[in-house]
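Chain and residue survey
So you can see what is in the structure, the chains are spelled out below.
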Amino acid sequence: MTMTVGRTTESSGTSSRAGTDVERIVLAPAEAGEVERLLDQLLGVARSRDAGSLAEEVRPAAEGLPLRLRQFLVRARQRESEVFLVSGLPVSTDLPPTPENWAAAERTGAGLREELVLLLCGSLVGDPFCWSTQQNGRLVHDVCPAPQAANSKTSASSLTALSLHTEDVHHPCRADYVSLFCLRNPDAVATSVSRIDDAVLSPETRQLLRQDRFRFHPDDSHTGTAARPSTGPVLFGPAAQPYLRFDAEFMSGLDDAASAAIGETEDSLRAAATGVVLKPGDLAFVDNYRVVHGRRAFAARFDGQDRWLKRINLTRDLRNSHRTRDVRSRVIG
Ligand SMILES: O=C(O)CCC(=O)C(=O)O
Ligand SMILES: [Fe+2]
């Protein structure tokens, strides 16, 4: 099931559709150089800002990204592309060791330059936001294997596969896109993706999945009591191109038939899954309403050279979350 994106006929300076419907742009060296110069300008500002005001700073700065990259991202957003990738983005040559967990990354500020790459590109696709209940309310998350979480159901796991899921399935304000920037991936560990359009489901099951017969729970990466369950359907929106809300590990059916439908849906999503191997400098966007994602199990090294991704949540319009809250903030929950 593993596909290495970009093994097709693409070359530097192109954008195209790779084998399994992953749209991809490969930056030319000159374009990567343009991104480097923009990062140099932004770094001074970044060090003196909190995450919220940094995000405000980054959006106008993103207008300075290479034109072809901006057009690729804006077009992907416009046509609701499901999985799309930017390759050839700069990663520091003197990258520090992979942190032993996200809290260590928070303490040291490791990978700030890479966080800016992610925020710059991401801001053209959506508004970055975060959860007060996750990774201490940080805007940019670190995804790296932690020894104490090897068998957990969180992104810090390694020995246990991360099952296919909608990010933050419990929350009505969950992300439109999950965005992952790869800093290291020495063992070519794949991110799995599965599109609802590729899942084979009977008309009866589809109909059941459209009913309010499911409860969605906060996953184990959320701490405290602020994150709460909610109920609703699994499928909604246009029948021909439905939206999906699914995480078998953190949802339950409200009756036996709904519970059975969860199992059937999981099987069909698994059967339709493909793997995307991110390489350093690859930035992936996954539509959190059309695609579920996960990760295969792997043996972590815990030697400072482990797989390391930076992650942000993007919403197509942050104001949708303000409608039901009493503050304007990028931190939800
Ligand atoms: O590590 C990965 O490839 C994906 C992990 C994941 O599900 C996430 O970070 O949201
Ligand atoms: Fe995830």
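Our subject is the structure that appears above.
Residues numbered from 1 in each chain as written. Chains lettered and ligands numbered in written order. Predicted model: local features only at pLDDT ≥ 70, side-chain atom pairs only at ≥ 80, totals over all residues. Heavy atoms only, no water.

1. Some words on the environment of leucine 254
Convention followed: Runs of E in the DSSP output that reach at least two residues are strands. Runs of H or I that reach at least four are helices, and both are numbered from the N terminus. We call two residues in contact whenever any of their non-hydrogen atoms come within 4.5 Å of each other.
By secondary structure assignment, the location of leucine 254 is in the loop between β14 (251-253) and α7 (256-271). Residues leucine 254 and phenylalanine 214, spaced 40 residues apart in sequence, show a C-alpha to C-alpha distance of 5.5 Å. Excluding residues within four positions of it along the chain, leucine 254 makes contact with Asp212, Arg213, Phe214, Arg215 and Thr231.

2. Details of unusual backbone geometry
Negative phi values dominate among residues other than glycine, just as trans dominates among peptide bonds. What counts here: Working definition: with a 1.4 Å probe on protein chains only, accessible area under 20% of the residue-type maximum means buried, over 50% means exposed, and in between means partly exposed.
The backbone phi angle of glutamate 80 is positive, close to 55°, even though this residue is not glycine. Within the secondary structure layout, glutamate 80 lies in the loop between α3 (67-78) and β4 (83-87). Note on glutamate 80: relative accessible area 32%, which makes it partly exposed. Not every positive phi belongs to a glycine, and alanine 188 is a case in point at roughly 50°. The residue alanine 188 is located in the loop between β8 (177-184) and β9 (190-195) in this model. A residue is classified by how much of its surface remains accessible, and alanine 188, at 38% relative accessible area, is partly exposed.

3. Some details on the site of ligand 1
Heads up, the condition is: The criterion for a residue being near a molecule or strand is simple. One of its heavy atoms has to lie within 4 Å of it. Counting of polar contacts relies on pairs of N or O atoms within 3.5 Å, with two restrictions inside protein: one atom must be capable of donating a hydrogen and the other of accepting it, and residues adjacent in sequence are counted only when both atoms are side-chain atoms. The Shrake-Rupley method, run with a 1.4 Å probe sphere, supplies the accessible areas, and residue values consider only the shown protein chains as cover. The nonpolar class holds Ala, Val, Leu, Ile, Met, Phe, Trp, Tyr, Cys and Pro. Asp, Glu, Lys and Arg form the charged class, and all remaining residues, Gly among them, are polar.
Looking at ligand 1, the residues that line it are Val143, Ser155, Leu162, His165, Glu167, Leu180, Thr191, His293, Arg295, Arg307, Leu309 and Arg311. The side chain of glutamate 167 places a nitrogen or oxygen atom 3.0 Å from an oxygen atom of ligand 1. Side-chain polar atom of threonine 191 to an oxygen atom of ligand 1: 2.6 Å apart, as the coordinates give it. When isolated, ligand 1 has an accessible area of 290 Å², and the protein chains bury 99% of it. Looking at the shell around ligand 1, the elements with two or more residues in it are β7 (162-165), β17 (291-295) and β18 (308-315). Classifying every residue of the shell around ligand 1 by side-chain character gives four nonpolar, four polar and four charged.

4. Some thoughts on the side chain of aspartate 247
Stated precisely, the cut-off is as follows: Residues scored as charged are limited to Lys and Arg (positive) and Asp and Glu (negative), so that His and the chain ends carry no count. Whenever Lys or Arg places a side-chain nitrogen within 4 Å of a carboxyl oxygen from Asp or Glu, that contact is recorded as a salt bridge.
Turning to its location among the elements, aspartate 247 is positioned in the loop between β13 (243-244) and β14. Buried and unpaired, aspartate 247 has no salt bridge, with lysine 153 as the nearest side chain of opposite charge at 8.5 Å. Leave out the neighbours within four places in its chain, and aspartate 247 touches Ser163, Leu164, His165, Thr166 and Val169.

5. Structural notes on the coordination of the iron ion (ligand 2)
What counts, and what does not: Because no water is among the atoms considered, metal sites can look incomplete, with donors defined as N, O and S atoms within 2.8 Å of the metal, or 3.2 Å for Na, K and Ca.
Bound to the iron ion (ligand 2) on the protein side are His165 (NE2), Glu167 (OE) and His293 (NE2), at distances that span 2.0 to 2.2 Å. In the primary sequence, the donor residues of the iron ion (ligand 2) line up as H-x1-E-x125-H. Overall, glutamate 167 belongs to the buried group, its relative accessible area being 5%.

6. Some details on the packing of aromatic side chains
For any two aromatic rings, the description comes down to two numbers: the centre-to-centre distance and the angle of the planes. Using the following cut-off: Pairs were defined over the aromatic rings of Phe, Tyr and Trp, the Trp ring being its six-membered one, requiring ring centres within 6.5 Å. Orientation was assigned from the angle between planes: stacked under 30 degrees, edge-to-face over 60, tilted for the rest.
Applying the stated criterion across every chain, the model contains seven aromatic pairs. Centre to centre, the rings of phenylalanine 236 and tyrosine 243 are 6.0 Å apart; their planes meet at 45°, and the pair counts as tilted. Here tyrosine 243 falls in the partly exposed class, since its relative accessible area comes to 22%. Centre to centre, the rings of tyrosine 243 and tyrosine 289 are 5.8 Å apart; their planes meet at 90°, and the pair counts as edge-to-face.

7. Concerning the pattern of salt bridges
The full count for this structure, using the stated rule, is 18 salt bridges. Across the pair glutamate 115 and lysine 310 runs a salt bridge, and its minimum N-O distance is 2.7 Å. Taken together, the positions of glutamate 115 in helix α5 (residues 112-122) and lysine 310 in strand β18 put the pair 195 residues apart, joining distant regions of the chain. Each member of the pair glutamate 115 and lysine 310 is classed as buried. For arginine 311, the salt bridge is made with glutamate 167, and the minimal N-O distance between the two is 3.2 Å. Pair noted here: arginine 311 is in strand β18 and glutamate 167 is in the loop between β7 and β8, with a separation of 144 residues, a long-range link. Bridged by salt links that share partners, the residues Glu82, Arg195, Asp197 and Arg290 form one connected network.

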